[in-house]
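Architecture at a glance
Here is what each chain is made of, one letter per residue.
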Amino acid sequence: MELLEFDCKNYDKNQMLIVYGTKGFGNIVRYCLEKKNITPDYYVEENGKGRFYGVPVINIDQLTEIYHKKHPIILLAVGASSKEVALSIHKNGIEVVYGICKLLEEIRDIEDLLDPVYENRYQYFYVQERFINHDKLVLASLDVVVTEKCSLKCEKCSNLMQYYQHPKNLNIEEIKASLDKVLDVVDKIYELRILGGEPFMNPDFYSLIEWYAGHDKITKIAILTNATIFPDEDKLQRLISSKVKIWLSDYGSVSSKLHEWIAWCKNNQVEYYISKLKKWQDLGRLERHNYSPTEIKYVYETCECNDCPVLMKGKLYNCPYSANAVNLGALYSDEAKLDAFVLDDETDLKERMKKFLYERDYLMACHYCGGRNTRRASIEPCIQTLKPLEYERRE
């Protein structure tokens, strides 16, 4: 079975088009197709009854019969049920389905349809791609760290910014060189996330947008900011792209530039997302815990960030906590080597990267982390510390 990407521009309207799904993505796809003056021949749902916006709804058995006779384009407009739907389709001998990522990116005025399924679309598309095209190396996201500096000093920052005594900006040319190596071997990155610290504290990071906004392996570039800095107009103009999304953390009065960012994004048709968390998880101090083998596997398996690769100073990491813990020298040197993947020039880089990212029982950094999951004690967000926190350097 193969998952291809649906391309509206090259779609022959004489070819039969079927959309699998009517809820969530199904409704968004309906709207996007309508904007392109395309009406599907059928929608597919489990019960296969009635009509959806005037279009007949069929079930999987009817879809299978139509597929083997007419070989239509089938758009996979499903989210959480992606694996179950893909298995059902596969069992019925359907060999090719189409993803909707490119279709959704072409439509900008869908605010009335925005809901959690849309905001989390890259995660769903990533699950589909990993499950169906399992031979490919696809990343739901890649965090690219451009600075250790932050305009805040949150005492319980899960990215460990509170421990940096002398934070520095990272070299953008070196970032570009290492990111190029990643892009040479991956098949797709759904969301390239530029962050720090606070990325707007590095005045050179804008060039990353200009270099990579046109890259065909990158679907979206997200800039994660705490909304404390609002650049001048010349710099803002460098962010305008259909591929760019501004990810705004809303910490109340602390995020003093939030409303300026929202107004600018709306005026320039730049996608934005507001993250307003009423509570954080307390990951504990940056210190080594005496976990048993069972406990440390549990920490990793239940972690919300065990599939959040990070690119930092020319190396790949499995999560932001690991990347910063190694960068701070908080791990022993032999532990740090196991947690960092060196982007070398060997020919088997892709397979080794797959193994590093997807075949881990736990990370060495898990020994130093309280675990990031919903069962952790919740705390008030954004409590500031007056000075950097102390920790034991081991490297």
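In this report, we go over the structure that sits alongside the text. (Residues numbered from 1 in each chain as written. Predicted model: local features only at pLDDT ≥ 70, side-chain atom pairs only at ≥ 80, totals over all residues. Heavy atoms only, no water.)

**Side note on the sheet that holds strand β16 (residues 341-342)**
What counts is decided by this rule: Criterion used throughout: strands pair if DSSP finds at least two bridges between them. Under the DSSP-based scheme used, a helix requires at least four consecutive residues in state H or I and a strand at least two consecutive residues in state E, with every element numbered from the N terminus. Here, two residues are considered to be in contact whenever any of their heavy atoms come within 4.5 Å of each other. Angles here are taken between N-to-C directions and fall from 0 to 180 degrees, while the axes themselves are lines fitted to C-alpha atoms, restricted in helices to the stretch in contact.
In spatial order, the strands read β12-β11-β10-β9-β8-β14-β15-β16; together these eight strands make up an open sheet with mixed pairing. Single-partner strands in this sheet number two, and they are β12 (271-275) and β16. Here strand β8 (residues 138-145) pairs with strand β14 (residues 310-312) via two bridges, running parallel. Counted as the bridge partner of Val-144 is Leu-311 from β14. Here helix α6 (residues 121-132) sits on the sheet and contacts β8, β9 (188-195), β10 (218-225) and β12; the angle it forms with β8, its principal contact strand, is near 130°.

**Re helix α11 (residues 293-301)**
Rules: The buried label applies to any residue whose accessible area, calculated with a 1.4 Å probe on protein chains only, is under 20% of its type's maximum; exposed applies above 50%, and partly exposed to all values in between. The directions from the helix axis to the C-beta atoms form the arc being described.
All of the buried residues along α11 are Ile-296, Val-299 and Tyr-300. The arc that holds the buried residues of α11, viewed along the axis, is 95°, so those residues lie on one side. Among the exposed residues of α11, those pointing more than 90 degrees away from its buried face are Thr-294 and Glu-301. Packed against the buried residues of α11 are α14 (349-358).

**Brief notes about the environment of Leu-343**
Of note, Leu-343 is situated in the loop between β16 and α14. In this structure the C-alpha to C-alpha distance between Leu-343 and Tyr-291, which are 52 residues apart in sequence, comes to 30 Å. Not counting the four nearest positions on each side in its chain, Leu-343 is found in contact with Ser-178, Lys-181, Val-182, Leu-311, Gly-314, Leu-316, Leu-349 and Met-353.

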